[in-house]
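Structural overview
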Amino acid sequence: MKILVPVKRVVDYNVKIRVKADGTGVETASVKFSMNPFDEIAVEEAVRLKEAGKATEVVVVSLGPSAAQETLRTALAMGADRAILVQTDAEVQPLAVAKVLKALVDKEQPRIVLLGKQAIDDDCNQTGQMLAALLGWPQGTFASKVAVGDDALTVTREIDGGLETIELTLPAVVTADLRLNEPRYASLPNIMKAKKKPFETLTPGSLGVDVTPRLTTLKVVEPPRRKAGVKVADVAALVDKLKNDARVI
Amino acid sequence: MSLVREVMEYDVLVVGAGPSGLSAAIRLKQRARAAGQEVSVCVIEKGSEVGAHLLSGAVFEPRALDELIPDWRDHGAPLATPACEDRFIHLTRTGAYRLPVIPPQMRNHGNFIISLGNLARWLAVQAEELGVEIYPGFAAAEVLYDESGTVTGVATGDMGIGKDGQPTGNFTRGVELHARQTIFAEGCRGSLTKALMERFNLRDDVDPQTYGIGIKELWEIDPAKSQPGLIVHTIGWPLDQKTYGGSWLYHMDGNLVSVGFVVGLDYSNPHLSPFEEFQRYKTHPAIRPTFKGGRRIAYGARTLSEGGFQSIPRLTFPGGLIVGDAAGFLNVPKIKGNHTAMKSGMVAAEAVFDHLVGGADGPEVTAYPERLKDSWLWKELWEVRNIRPGFQKGLWAGLANAAYETAIKGRSPWTLHHRHADNETLVKASEAPKIAYPKPDGVVSFDRLSSVYLSNTNHEENQPAHLQLKDKETPIRVNLALYDAPETLYCPAGVYEIVRSEDGTDPHLQINAQNCVHCKTCDIKDPAQNITWTVPEGGGGPNYPGM
């Protein structure tokens, strides 16, 4: 059974995001990029399924600039078997990504597409769902546990106030939540070996997909700065402030 | 779980992807290519990516780069802002007096204002194109020796060791990187370099190394105030005349300003805080306006070697050698060490290459120091050797001596010495004046924690502290009792805190190792040399965005 794992190159989670002075987006110059952490969890899960003998091949794919090669190499170092980069310098939006992934699913015929529930840059949380819709496949989103049977998947989902366990018929789309696993370190020997694993580069055009953005960003602003707190003398003053300044009671 | 480490073999291993290490790697591959030889070169770097741990002013003298990659202009080297105007200012509490003459070493025509991190990122690309293997995120934790005591390489640290010292579920054993020669390019006060100096007595017969701490911020300023190419240095306030140090303020392209402050770590007053000195410097009426309407976007700190010529240790030992600021090639009056770091790496690479392919005798590349002595680097450092020690007698005596030494190009018949290591210079807290630092205003001056936040520092939480105490009692019995816990003041990242029980008794030292920006000040300045800086799990530490 083949598993397809889409990964995204995003600004590293340690980097403090800064909005550009002209409000057109966030600063990406001289900023560290790495694999979207939820996608890292998806890669780890796929590699574990392979190690457990449940999967035969893990194919990682990314849609993005040539620098996304590094992200794919990281996934290969974690244990994926081969990588496909669909190269574009366009801003990638969920629907375009889902369409590219559908084209790749048609080509590669995986039984599972396992991806992060959302990317930490735009936080859209749409790609997995859109892909499932385009493919007409069942979806198990926000997965914190995945068990693979012969023709079905059991997915435990993190939902408001608890866990929901569902069974999906294969093929299916699964999106990984934070608690699914803790990704491994890519060891130095494995990073070296990853350099020799198969790596294919395609373009959206060669897959017949138009990735031109359909959404326009009007403006990006930083959240308002938190104001310094004040000390109040007594309860009466507090109630007064809540009533008249904060207007919450 | 296997405790056996995998071994990987290279011809040359470089520890540290800074200017010296990358220049060495590039030069090795250039020589190999020209000679039609195969030389395998591996660079490891403890930062999560190349440049993540690099911090420098930086006004860059392109001399070494011109020699390394003469057509760097055609390959997009990030030297975007040419130096235009130099100003050298003496600050008093409220006044600012421009010195009528700029000292020759501080004239920067032909130089560039750069981000060292971005230069290294570019150098790494050039190196990889030549076939150098670069592995960021892997910390060299241990020097490896054979039975005869020859250095055979390094081992990277294990990953996935818990706070309790036991392996976690994610344990990954480190690897052994073996090489015919290992080039240590760890930067100022490298932790392995320190161990090598002790083992091979590399500091015998030379002056103690002296250091400075440089604290830097990157600002995006009001475009109306941006003057790309303007270079401003100050001396004087807020430091007293006994304390060596001063500020830099460089205007770069893109409305960016690099501003920072250096304090010589031979300072004597334990109440001094380099961080607070920097913060109050920015509040000076001549400085503050630059930052009005701007925003601070990055913060970091790093020590630098100031000992110069007299403090250069023996540079080679069987199986390896030291380059860059790990050895200490900074030119203090120029306040530049990047060009000398690169040059030392290049000279070392030449010597190593000839050693490896020429079948020289023995495991020690003795040609490296010999060739260094014939290079411009040696002459440059010799000429200015007396300038930094001249400041031991205070600011004005230092300036007068500097003027004299500069006029005669260092040909005075004597050499001034560094008498003390920096950990020996503190006087007792009770004998030193207290310093009342102003509260941060949140506009131009800030507290430590909001500053460290902008260094993008992260360490895996579940790991043993990488700052180790030789003796657990010393921080209270000596440091607190005699010096009022100076580590809580000199650490620019708030790593050290004295915490007490609710009634104010039972003080003990808390080490917030997660905050550490890898500047190494504690390893240098701790009076009893009780703190040892070791590498944390690879990839930990700051993630500087182009510092």
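Residues numbered from 1 in each chain as written. Chains lettered and ligands numbered in written order. Predicted model: local features only at pLDDT ≥ 70, side-chain atom pairs only at ≥ 80, totals over all residues. Heavy atoms only, no water.

**Considering the confidence of the model for chain B**
Counted only if it meets this: Scored from 0 to 100, pLDDT records how confident the predictor is in each individual residue.
On average, chain B scores 95 in pLDDT, and the residues at 70 or more come to 100%. Confidence estimates for the predicted assembly give a pTM of 0.94 and an ipTM of 0.87.

**Overview of unusual backbone geometry**
The general pattern is negative phi for most residues beyond glycine and trans for most peptide bonds. Going by this rule: Counting from the N terminus, the helices are the DSSP runs of H or I reaching at least four residues and the strands are the DSSP runs of E reaching at least two.
Following leucine 170 of chain A, the chain continues into proline 171 of chain A via a peptide bond in cis, with omega recorded as 0°. Tracing the sequence through the fold places proline 171 of chain A in the loop between strand S9 (162-169) and strand S10 (172-176). The omega torsion across tryptophan 237 of chain B and proline 238 of chain B is 10°, close enough to zero to call that bond cis. Here proline 238 of chain B shows up in the loop between strand S15 (230-236) and strand S16 (245-251). In the Ramachandran plot, asparagine 201 of chain B falls in the positive-phi region, its phi being about 50° despite a non-glycine side chain.

**Structural notes on the environment of threonine 521 of chain B**
All names here are of chain B. Our working rule: Exposure categories follow from relative accessible area, calculated using a 1.4 Å probe and restricted to protein chains: below 20% of the type maximum is buried, above 50% is exposed, and the middle band is partly exposed. Here, residues are in contact when the closest pair of their heavy atoms is within 4.5 Å.
Position of threonine 521 among the secondary structure elements: in helix H14 (residues 521-525). We classify threonine 521 as buried; its relative accessible area is 0%. Spatially, the C-alpha atom of threonine 521 lies 9.9 Å from that of cysteine 188, the residues being 333 residues apart in sequence. Not counting residues up to four positions away in its chain, the partners in contact with threonine 521 are Ile213, Leu265, Thr303 and Tyr490.

**A closer look at the UniProt feature "domain: Electron transfer flavoprotein alpha/beta-subunit N-terminal" (unreviewed entry) in chain A**
Going by this rule: UniProt positions are given in the numbering used here, feature names are shortened, and annotations may be inferred rather than shown by experiment.
The UniProt feature table records "domain: Electron transfer flavoprotein alpha/beta-subunit N-terminal" (unreviewed entry) at residues 23-211 of chain A. Secondary structure across residues 23-211 of chain A comprises 30% helix and 30% strand; the distance between its end C-alpha atoms is 24 Å.

**Let's talk about the interface of chain A and chain B**
What counts is decided by this rule: What counts as buried area is the accessible surface, traced by a 1.4 Å probe, that two parts surrender upon association, with contributions from both included. What makes a salt bridge here is a side-chain nitrogen of Lys or Arg within 4 Å of a carboxyl oxygen of Asp or Glu, nothing more. Polar contacts here mean pairs of N or O atoms no more than 3.5 Å apart (in protein, one a potential hydrogen donor and the other a potential acceptor; neighbouring residues in sequence count only if both atoms are side-chain atoms). Put simply, Ala, Val, Leu, Ile, Met, Phe, Trp, Tyr, Cys and Pro go in the nonpolar bin, Asp, Glu, Lys and Arg in the charged bin, and everything else, Gly too, in the polar bin.
Taken together, the contact between chain A and chain B spans 22 residues of the former and 27 residues of the latter. Roughly 2200 Å² is buried in total at the junction of chain A and chain B, and carbon and sulfur atoms are behind 56% of that figure. The three residues of chain A that bury the most area against chain B are Lys16, Tyr185 and Leu188 of chain A, which together make up 33% of that side's buried surface. Counting across the interface, chain A meets chain B through 2 salt bridges. The closest approach of N and O atoms between glutamate 220 of chain B and arginine 18 of chain A, which form a salt bridge, is 3.3 Å. The interface formed by chain A and chain B holds 12 residue pairs in polar contact (both at pLDDT 80 or more) in total. For the side of chain A that touches chain B, the residue count by class is 11 nonpolar, 3 polar and 8 charged.

**Thoughts on helix H1 (residues 19-35) of chain B**
Given 3.6 residues per turn, any residue in an α-helix points the same way as the ones three and four places further on. Cut-off, in case you're wondering: One less than the number of residues in a helix, times 1.5 Å, gives the span that helix is expected to have.
The end-to-end C-alpha distance of H1 of chain B, which contains 17 residues, comes to 24 Å, matching closely the 24 Å that a straight helix rising 1.5 Å per residue would cover. Count one or two residues on from H1 of chain B and you reach glycine 36 of chain B, which has phi positive near 65°.

**Things to note about the nonpolar core**
Residues and elements named next belong to chain B. This is how it is decided: Nonpolar cores are built from buried Ala, Val, Leu, Ile, Met, Phe, Trp, Tyr and Cys residues. Side-chain atoms within 4.5 Å join them into one set.
Leu65, Leu79, Leu123, Ile183, Phe184, Phe329 and Tyr368 are the most contacted members of the largest nonpolar core, which totals 85 residues. Examining the composition of this core, we find that 9 residues originate from one element, helix H7 (residues 338-358), more than from any other. Leave out the neighbours within four places in its chain, and leucine 79 touches Phe60, Pro62, Leu65, Trp72, Phe112, Ile114 and Leu119. Listed in part, the 83 residues of the second largest apolar core include Leu249, Met252, Val257 and Ala298.

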